[in-house]
Amino acid sequence: MDTPSIPPKPVAHLELKARLLILLLLLLMLGAVAYVMVARGVFERTQKLVLVADDSEGIVVGMDLTFSGFPIGRVGRIELSEEGNARILVDVPLNDAHWLRTSSVFTMESGFVGGTRIRAFSGILTDPPLPDGAVRKVLRGDAKAEIPLMVSSVRELVANITALTSNDAALSGSLRNVQTATEKLNGASGGLGLLFGNETDSKKIISTLDRTNALLTRLDKLAVTADGVANKTGSLVTKADGIVSKTGTMITKADNQIFGQSGVMKDAQATVVQLNGLLADTRNSLKKVDAVLVEAQAVGSNVKDATTDLGVLRAEVESSLRTVDHLVQEINRKWPFARNNELKLP
Amino acid sequence: MTPLSPFVDISQRWLRFWGEWLLGWWQILYIGAQLMVLAFSPSSYRTSQRKVMFLKLYSATAPLLASYVLMSALVSLIVIRIVVTTALTYGLSHFALEVLIRTLVLELLPLSVTLVVAIRYTMPEGKLVREMRARGEFSEQWRSGGDPTRDELLPRVVAGVFAVFLLAALSGFVALVLAYLSVYGFHTWGFPGYTRSVGQVFNPVISLVFCLKTLFLSLAVSVIPIVFRPRADPNDPTGANAEIKVLARLFTVILLIEVLSLIGNYY
């Protein structure tokens, strides 16, 4: 232990190396300080934005204001306003301030995981930019605030479930009844015993079923007979169909004959027109006859002289009457005035 | 022997133990304060002293520089991958950077630097100082007009503090670069967002606590092993017990500083 200490090995360019190390440390420390200052936004030109919230819980100095997930501002200060609201002073760098417009909406959200976040939403980017020192109300959405309400609801739900599952609850009674019913179903009387509650009634039902079966057998036989009848009726109906179709054909033919292009109806109409003409002629002739008779009376004394004219007149009347007679005969020949002129020999 | 002799014997041993314990702390505080005064005295850096100072700075830092930076980079990379992957798995990737900066740069790296400097430089140097004292070299220096506190202790303490600061700064820088590369790759588009995350972590309080913690850790790791002189034990010719006692005191102080820094950061 008494050995004197060994002198250290000489280091080449010791002073230079040591100075370099000191320089390196100074550079690192100054660089770190400068970087942290830049990172804290000390050298940024900013504009102020004041967000007013009813509660500043979760807001800390230095937290970001984000727009579309990108930080565009930083909370610089939090203070209590005279109205009792929290005033959150946000420093927004001028480079990013153009994202904020007069119509921008600001929200403050607290999730289940992580801290509170302040977000900006600018729906209309063509609106005028937000002025420096603008005051905006921040909308708050707190997921954690829902927890007490949820817990209360869950408690209520659990109480209801407990009430439902307690021994004297309706559900429990129903389940007991279901169990009893199941036991009866599995018993000797089965489902009928469950439905009627006693064995006598279930036996009655079984005997009724037997009788119904017998009745059904007879009904089957009857149905077979009815099938035969139905077959016959079917053939009759087929025949009737044939008759009907024939009748239809006949009616069509009759219709063609009567109302068709060369039907009777058309002839009858022409005949009626002709008849009307003839009647008019006849009326004229009769008027002439009347005139002649008047003249005949007036010239009674001159009968002898007019005998020649009378003879001519008579000839005309006879001619007209013959025409009428001919017409009447023709009408009688036509349908529907036709008469059966057939002579039937005994 | 009187009947009271065992009791008296135990009491004397307890008194001696607590007396040495208190004396040890007093020694650290007293000589530490002297060293602080000397460290802030310009005369301590006069030309005749400068060569020793440079030598100690170099010998404390240079041998550790490459190996420690490499080791810390490797550990940082592992921690970064674990944190980033875990954060992505749970959908909390936006917290990954903050967690990384807090765990690595603020907590793990300063602590590991402290321990490395203690084990690799200040503890061996402290042992040398104790051997020099044992050989009477300090008394000889006093007699020859020198000042062993200024000439022997101060360069070692300053070198220890310097080594802690340089290695902590360098490893922190490497960790920040690795964290950026792990998250964003070799692209520059993520740099503004990354800088913003760093700025959010390094708020004024955290920055102050971080600087104070590094300063006190470096002082503890430099002063305690070199200044503290446990009582010579004839049953310990190798001085292993003395080393353990120094290490225990050092760990106690490091633990205390860590606890205080955590309280300052998070309460």
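Residues numbered from 1 in each chain as written. Chains lettered and ligands numbered in written order. Predicted model: local features only at pLDDT ≥ 70, side-chain atom pairs only at ≥ 80, totals over all residues. Heavy atoms only, no water.

Novice: Would you mind showing me how to read the pairing of strand 4 (residues 86-93) of chain A here?
Specialist: Successive side chains on a regular strand alternate, one facing one side of the sheet and the next facing the other. Residues and elements named next belong to chain A. Extensive coverage of strand 4 is indicated by the burial of 6 of its 8 residues. The sheet contact formed by strand 1 (residues 46-53) and strand 4 spans 8 bridges and is antiparallel. Bridge pairing in strand 4 places glutamine 47 opposite valine 92. Taken together, the 6 bridges between strand 3 (residues 70-80) and strand 4 define a ladder with antiparallel strand orientation. Considered in strand 4, the bridge of valine 75 is made with valine 90. Hairpin connection between strand 3 and strand 4: a loop of 5 residues separates the two successive antiparallel strands, and glycine 84 in this loop has a positive phi of roughly 90 degrees. (Buried < 20%, exposed > 50% of the residue type's maximum accessible area, 1.4 Å probe, protein only. Helix = DSSP H or I, 4+ residues; strand = E, 2+ residues; numbered from the N terminus. Pairing = 2+ DSSP bridges.)

Novice: How should unusual backbone geometry be read in this particular structure?
Specialist: With glycine set apart, most residues show a phi of negative sign, and most peptide bonds adopt trans. Residues and elements named next belong to chain A. Residue histidine 13 is not a glycine yet carries a positive backbone phi of 50 degrees. Secondary-structure assignment places histidine 13 in the segment before helix 1 (14-39). Of note in the backbone geometry, serine 68 takes a positive phi value of approximately 55 degrees without being a glycine. With respect to the helices and strands, the residue serine 68 is situated in the loop between strand 2 (64-67) and strand 3.

Novice: Please clarify how the interface of chain B and chain A should be interpreted in this entry.
Specialist: Accessible area lost when the parts come together is the quantity often used to give the size of an interface. Contacts between the two partners involve 32 residues from chain B, matched on the other side by 33 residues from chain A. The contact between chain B and chain A buries some 2700 Å² in all, and 73% of this surface belongs to carbon and sulfur atoms. At the junction of chain B and chain A, the tally comes to 1 salt bridge. Note that Asp64(A) is salt-bridged to Arg196(B), the shortest N-O span being 3.0 Å. At the boundary of chain B and chain A, one finds 6 residue pairs in polar contact (both at pLDDT 80 or more). Of the residues forming the side of chain B that touches chain A, the biggest block, 9 residues, is contributed by helix 2 (residues 47-89) of chain B. Along the lines of polarity and charge, the residues of the side of chain B that touches chain A split into 20 nonpolar, 6 polar and 6 charged. (Contact = heavy atoms within 4.5 Å. Buried area = accessible area lost by both parts, 1.4 Å probe. Salt bridge = Lys/Arg side-chain N within 4 Å of Asp/Glu carboxyl O. Polar contact = N/O pair within 3.5 Å; in protein donor to acceptor, adjacent residues only side chain to side chain. Nonpolar A, V, L, I, M, F, W, Y, C, P; charged D, E, K, R; others polar.)

Novice: Would you mind showing me how to read the side chain of Ser171(B) here?
Specialist: Residues and elements named next belong to chain B. Tracing the backbone through its elements, the reader meets serine 171 in helix 5 (residues 148-184). The class for serine 171 is buried, based on a relative accessible area of 1%. Serine 171 has contacts with Tyr68, Ser72, Leu109 and Val113, leaving out every residue within four places of it along the chain.

Novice: Where do I start with the nonpolar core in this structure?
Specialist: Proteins that are soluble and globular tend to have nonpolar side chains buried together. One finds Leu100(B), Val117(B), Tyr194(B) and Phe202(B) to be the most contacted residues of the largest nonpolar core, which totals 83 residues. Elements with a contribution of two residues or more to this core: helix 1 of chain A together with helix 1 (5-39), helix 2, helix 3 (93-135), helix 5, helix 6 (191-201), helix 7 (204-227) and helix 8 (240-266) of chain B. When residues no more than four places from it in sequence are discounted, the contact partners of Tyr194(B) are Tyr35(A), Leu97(B), Leu176(B), Ala179(B), Tyr180(B) and Tyr184(B). In this structure, Leu51(A), Val75(A), Leu100(A) and Phe106(A) belong to the second largest nonpolar core, which totals 21 residues. (Core = buried A, V, L, I, M, F, W, Y, C linked by side-chain atoms within 4.5 Å.)

Novice: Is there a simple way to think about the side chain of Ser122(A) in this case?
Specialist: Residue and element names in this part refer to chain A. Tracing the backbone shows serine 122 in the loop between strand 6 (116-121) and strand 7 (134-142). Within polar-contact distance, the side chain of serine 122 engages the backbone oxygen of tryptophan 99 at 2.6 Å. A distance of 2.5 Å separates a polar atom in the side chain of serine 122 from a polar atom in the side chain of serine 104. Among residues more than four places away in sequence, those in contact with serine 122 are Phe67, Trp99, Leu100, Arg101 and Ser104.

Novice: Would you take a moment to explain the packing of helix 2 of chain B against helix 5 of chain B for this structure?
Specialist: The axes of two packed helices give the description: the angle between them and the distance between them. Residue and element names in this part refer to chain B. Between helix 2 and helix 5, the least distance of the axes is 7 Å, while the angle of their chain directions is 25 degrees. Taken as axis vectors, helix 2 and helix 5 run roughly parallel relative to one another. The two elements helix 2 and helix 5 cross, and the hand of that crossing is right-handed. (Axes fitted to C-alpha atoms, helices over the stretch in contact; angles between N-to-C directions. Parallel < 35°, antiparallel > 145°, perpendicular 65-115°, else oblique. Left-handed = near helix turned anticlockwise from the far one by under 90°.)

Novice: Would you mind showing me how to read a nonpolar patch on the surface here?
Specialist: Residues and elements named next belong to chain B. Side chains of Leu255, Leu256, Val259, Leu260, Leu262, Ile263, Tyr266 and Tyr267 sit close together on the surface and give an oily, nonpolar patch of about 870 Å² of accessible area. Structurally, leucine 262 is set in helix 8. For leucine 262, a relative accessible area of 34% corresponds to the partly exposed category. (Patch = residues over 30% accessible without salt bridge, like charges linked within 9 Å, V, L, I, M, F, W, Y side chains within 5 Å. Areas by Shrake-Rupley, 256 points an atom, 1.4 Å probe, with all protein chains shown as cover.)

Novice: Where do I start with the environment of Gln257(A) in this structure?
Specialist: Residues and elements named next belong to chain A. Within the secondary structure layout, glutamine 257 lies in helix 5 (residues 199-259). Given the relative accessible area of 57%, glutamine 257 is considered exposed. Setting aside chain neighbours within four positions, we find glutamine 257 in contact with Ser262, Gly263 and Val264.

Novice: When you look at the environment of Lys245(B) in this model, what are you seeing that I'm missing?
Specialist: Residue and element names in this part refer to chain B. Its location among the elements puts lysine 245 in helix 8. Look at lysine 245 and you get partly exposed, because its relative accessible area is 42%. C-alpha separation for the pair lysine 245 and phenylalanine 228, spaced 17 residues apart in sequence, amounts to 9.2 Å. Ignoring sequence-local partners within four residues, the contact set of lysine 245 consists of Phe228 and Pro230.

Novice: What's the story with the pattern of salt bridges in this structure? I'm lost.
Specialist: Where charged atoms from two side chains of opposite charge come close, those side chains can pair. Residue and element names in this part refer to chain B. Evaluation of the coordinates by the stated rule reveals 17 salt bridges over all chains. For arginine 150, the salt bridge goes to aspartate 151, with nearest N and O atoms at 2.9 Å. As far as burial versus exposure is concerned, arginine 150 and aspartate 151 are alike and both buried. The structure contains a network of salt bridges with shared partners spanning Lys56, Glu125, Glu152 and Arg156.

Everything listed here is a matter of geometry and, on its own, says nothing about what the molecule does.
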